[in-house]
Amino acid sequence: MLDPDIAPSGTLLGLLQRGRGDGTLHALAAPRAEALAALDHCVLRDPRRDWQVENRSLYYARLYLDLDGGLDAIGQHLFAADDHLDTGEERTGLALAVLGHLASYGRDDALVLLRHYAATGANWAWALDELALRDDDAGLLALGPHVLARFPVTPEGDGALAAAVRDAFEPRPWRLWADEGRSPATAARVRAAREQGSFDRWQRQLRPSGPRPGWSVREVLDWAQEGLSLQPVQLRHVPATRCLTAVAGPEDRGEIIEAAAFGEGAARATALRYLAEHHDPQALDLVETAAADPDPVVAEAAVTAFERMRSPAALERARAWIHREDPLGAAAAGMLACRGATYDAALVLAALRRTVRAEGCDAAVLGDLVDGAGRLAIACAAPVLRHVYRETASSHLRGRAARALAATDPSFPAGFAVECLWDCEESTRELAARHAATADDRVVEQLRRLAADPAEEAEVQTAAGSRFGPEAPAV
């Protein structure tokens, strides 16, 4: 099912929320006021399900440029009263990233908004990172007193300042302020914060809290389990598995198997992962039992342990489990899609169709199944791949569907590849630049734009430029 905040895929708003290339093309053909209203809606209400793997900012910034859109709505959003009530990055991050791209394209109004927000806004660190890439030294130096004023000259304030300097994504502003000769007090305070951050890292290295050399298997398992009793809870079974690999020997196998079968939460999860990673003959049976455990820590660890297995025995078990209607069945489908043989194509196709029918176009396992359809060149999967491409709310998954279509659908170059030239994901634009048919004048024009745009990723520029080289196909 789609998120209720995502409009249908056939609407202008739905296309823009998904970041599809057709969104840009439809917006440029729509009444300008309608297109700008839809664009503002997207930027002010981030439609992405996972902003860490999905891109929208350059896509939306280019559309503001093409529509000659004003930034009043973004300014009102950034400086609304909610800014100091809802301080999460999710509220303003996309808007700030869009302003950053617009500033790089020479929009002075975007630069002014970023400077003002860095001085007064709650998500000032994000704005400062954008400015670090686009602003000149004078603009950044003028911001120094405003940023430093956020941290009172107290032990707590100095600690918070040291953390801000240490965690800054872009260090350029802090370096400028540390060398600022016109404000010795500011420079001295920033230098002290940088030194404090280095000292804190050194202290943490001297006081490790994890397992020590010489620990036994039982001590490692107890350490993993102890994390569940802390506040906040610490899930330690992944690092504990690495520790177990370092301390366990053949003589400890019986104890680890017992923990995997009857242990508590995190200890059991650690043992399961260890046995799976070492291809123990009993691992698959233990995983199957644990996957049905009511404890989510155990069940999730069992499925993850299976997904990480690379043995022929795991593949055989995946063929038996692919019909299960639970997370272990989904993991089996993903494993066959990623590593199965040609004769597994029918199983992968059936799983792809079943998943789309039962869970819609945003199911977690769809990424692997879509990749598998392309890897195995399942030509009859093209209709369902086209459906996923159109309907998914995830631009990341849509890009994977586009790659699978390039391998399975002969109509891709003259079809979806054309709109992919305007897609929000750079990997999708790169794919399109290599495959799009050039019968349409818009394709040639967009290829030239991608090749020349300094804001574009290098891989996309290279792919687009290669269409115009001396050995390139006629454009």
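Please provide a residue-by-residue account of the overall build of the chain, values included.
Summing up its helical and strand segments, the chain has 28 helices and zero strands in all. Considered along the principal axes of its C-alpha atoms, the chain spans approximately 65 × 65 × 45 Å. The proportion of buried residues among the 475 residues of the chain is 50%. Of the contacts formed within the chain by residues at least 6 apart in sequence, a portion of 64% connects residues at least 24 apart. Here the chain displays about 22,300 Å² of accessible surface, and carbon together with sulfur accounts for 54% of that area. Positive and negative side-chain charges of the chain, numbering 51 and 70 respectively, have mean locations separated by a distance of 2 Å.

I'd love a proper account of the pattern of salt bridges, names of residues and values included.
A full pass over the atoms with the stated rule returns 34 salt bridges. As a salt-bridge pair, Arg-308 and Glu-277 come within 3.2 Å of each other at their nearest N and O atoms. Of this pair, Arg-308 sits in the loop between helix 18 (296-307) and helix 19 (312-321) while Glu-277 is found in helix 16 (residues 265-277), placing the two residues 31 residues apart along the sequence. You can call Arg-308 partly exposed: its relative accessible area is 45%. Here Asp-326 makes a salt bridge to Arg-324, at a shortest N to O gap of 2.6 Å. According to the relative accessible area criterion, Asp-326 is partly exposed, its value standing at 26%.

Would you mind going over the side chain of Arg-273 in detail, with residue names and values included?
Mapped onto the elements, Arg-273 comes out in helix 16. Note on Arg-273: relative accessible area 8%, which makes it buried. Among residues more than four places away in sequence, those in contact with Arg-273 are His-237, Val-238, Thr-241, Ala-301, Thr-304, Ala-305 and Arg-308.

Explain the packing of aromatic side chains residue by residue, including any values.
By convention here, two paired aromatic rings are described through the distance between centres and the angle between planes. Per the stated rule, a full pass over the model turns up seven aromatic pairs. The interplanar angle of 80° and the centroid separation of 5.9 Å between the aromatic rings of Trp-124 and Phe-151 together place this pair among those described as edge-to-face. On the criterion of sequence distance, the pair formed by Trp-124 in helix 8 (residues 124-134) and Phe-151 in the loop between helix 9 (137-148) and helix 10 (155-167) is long-range, its members being 27 residues apart. The class of Trp-124 is buried, set by a relative accessible area of 13%. For Phe-151, a relative accessible area of 10% gives the class buried.

A description of the side chain of Glu-456 should follow, citing residues and the corresponding values.
Relative to the elements of secondary structure, Glu-456 occurs in the loop between helix 27 (441-452) and helix 28 (458-466). Judged by relative accessible area, Glu-456 falls into the buried class, the value being 5%. Contact partners of Glu-456, with chain neighbours within four places excluded, come to Arg-62, Glu-426, Arg-429, Leu-450 and Gln-461.

Which residues make up helix 19, and what are the values?
Listed as buried for helix 19 are Ala-314, Leu-315, Ala-318, Arg-319 and Trp-321. Check the buried side of helix 19 and you find it contacts helix 17 (283-290), helix 18, helix 20 (327-339) and helix 21 (345-359).

Just give me the short version of the state of the cysteines, but keep the residues and values in it.
All told, the structure shown has zero disulfides when counted by the stated rule. Here Cys-420 is not cross-linked by a disulfide; its sulfur's nearest cysteine counterpart is in Cys-424, at 10 Å. For Cys-424, a relative accessible area of 3% corresponds to the buried category.

So, the environment of Arg-189: which residues are in play, and what are the values?
The residue Arg-189 is located in helix 12 (residues 184-206) in this model. Classification of Arg-189 by relative accessible area gives buried; the value is 16%. When the C-alpha atoms of Arg-189 and Ala-138 are compared, they prove to be 19 Å apart, with 51 residues separating the residues in sequence. Here Arg-189 is in contact with Leu-148, Phe-151, Pro-152, Val-153, Gly-157, Asp-158 and Leu-161, once residues within four sequence places are set aside. In this structure the side chain of Arg-189 is engaged in a polar contact, spanning 3.4 Å, whose partner is the backbone oxygen of Leu-148.

I'd love a proper account of the nonpolar core, names of residues and values included.
Buried together is how nonpolar side chains tend to be arranged in soluble globular proteins. Within the largest apolar cluster, 88 residues are counted, with the highest numbers of intra-cluster contacts made by Phe-306, Leu-352, Leu-369 and Leu-421. If sequence neighbours within four positions are ignored, Phe-306 has contacts with Leu-284, Val-287, Ala-314, Ala-318, Trp-321, Leu-328, Ala-331, Ala-332 and Met-335. One finds Ala-35, Cys-42, Val-98 and Leu-143 within the second-largest nonpolar core, a separate group that totals 56 residues.

An account of the packing of helix 15 (residues 253-262) against helix 16 is needed here, citing residue identities and associated values.
Running from N to C, helix 15 and helix 16 point in directions that differ by 125°, and their axes come no closer than 7 Å. Here helix 16 runs oblique to helix 15, going by the angle between their axes. Once helix 15 is placed against helix 16, the crossing between them reads as left-handed. Contacts between helix 15 and helix 16 involve Ile-256, Ile-257, Ala-259, Ala-260 and Ala-261 from the former and Arg-268, Ala-271, Leu-272, Tyr-274 and Leu-275 from the latter. Taken together, the residues that form the contact of helix 15 with helix 16 break down as nine nonpolar, no polar and one charged.

Give me the environment of Ser-394: which residues, what numbers.
In this structure, Ser-394 sits in the loop between helix 23 (382-391) and helix 24 (395-408). Residue class for Ser-394 comes out buried when judged on its relative accessible area of 13%. Separated by 340 residues in sequence, Ser-394 and Glu-54 place their C-alpha atoms 7.2 Å apart. When residues no more than four places from it in sequence are discounted, the contact partners of Ser-394 are Glu-54 and Asp-362.

Now, about empty space enclosed by the protein: what can you tell me, with residues and values included?
By the definition in use, this model includes one cavity of 30 Å³ or more. If you add up the space inside the largest cavity, you get close to 90 Å³. Forming the boundary of the largest cavity are Thr-24, Leu-58, Tyr-59, Arg-62, Leu-63, Asp-66, Leu-421, Trp-422, Asp-423, Arg-429, Gln-446 and Arg-449. Here the lining of the largest cavity gets five residues from one element, more than from any other, and that element is helix 4 (residues 57-67).

Procedures and definitions
- Residues numbered from 1 in each chain as written.
- Predicted model: local features only at pLDDT ≥ 70, side-chain atom pairs only at ≥ 80, totals over all residues.
- Heavy atoms only, no water.
- Helix = DSSP H or I, 4+ residues; strand = E, 2+ residues; numbered from the N terminus.
- Buried < 20%, exposed > 50% of the residue type's maximum accessible area, 1.4 Å probe, protein only.
- Contact = heavy atoms within 4.5 Å.
- Areas by Shrake-Rupley, 256 points an atom, 1.4 Å probe, with all protein chains shown as cover.
- Lys, Arg positive; Asp, Glu negative; His and termini not counted.
- Charge placed at Lys NZ, Arg CZ, Asp CG, Glu CD.
- Salt bridge = Lys/Arg side-chain N within 4 Å of Asp/Glu carboxyl O.
- Phe/Tyr/Trp six-rings, centres within 6.5 Å; stacked < 30°, edge-to-face > 60°.
- Disulfide = S-S within 2.5 Å.
- Polar contact = N/O pair within 3.5 Å; in protein donor to acceptor, adjacent residues only side chain to side chain.
- Core = buried A, V, L, I, M, F, W, Y, C linked by side-chain atoms within 4.5 Å.
- Axes fitted to C-alpha atoms, helices over the stretch in contact; angles between N-to-C directions.
- Parallel < 35°, antiparallel > 145°, perpendicular 65-115°, else oblique.
- Left-handed = near helix turned anticlockwise from the far one by under 90°.
- Nonpolar A, V, L, I, M, F, W, Y, C, P; charged D, E, K, R; others polar.
- 1 Å grid on protein atoms, 1.4 Å probe; cavity = no way out; pocket = protein on both sides within 12 Å on 5 of 7 lines; lining within 4 Å.
- Points joined across faces, edges and corners; volume = space filled by probe spheres on them.

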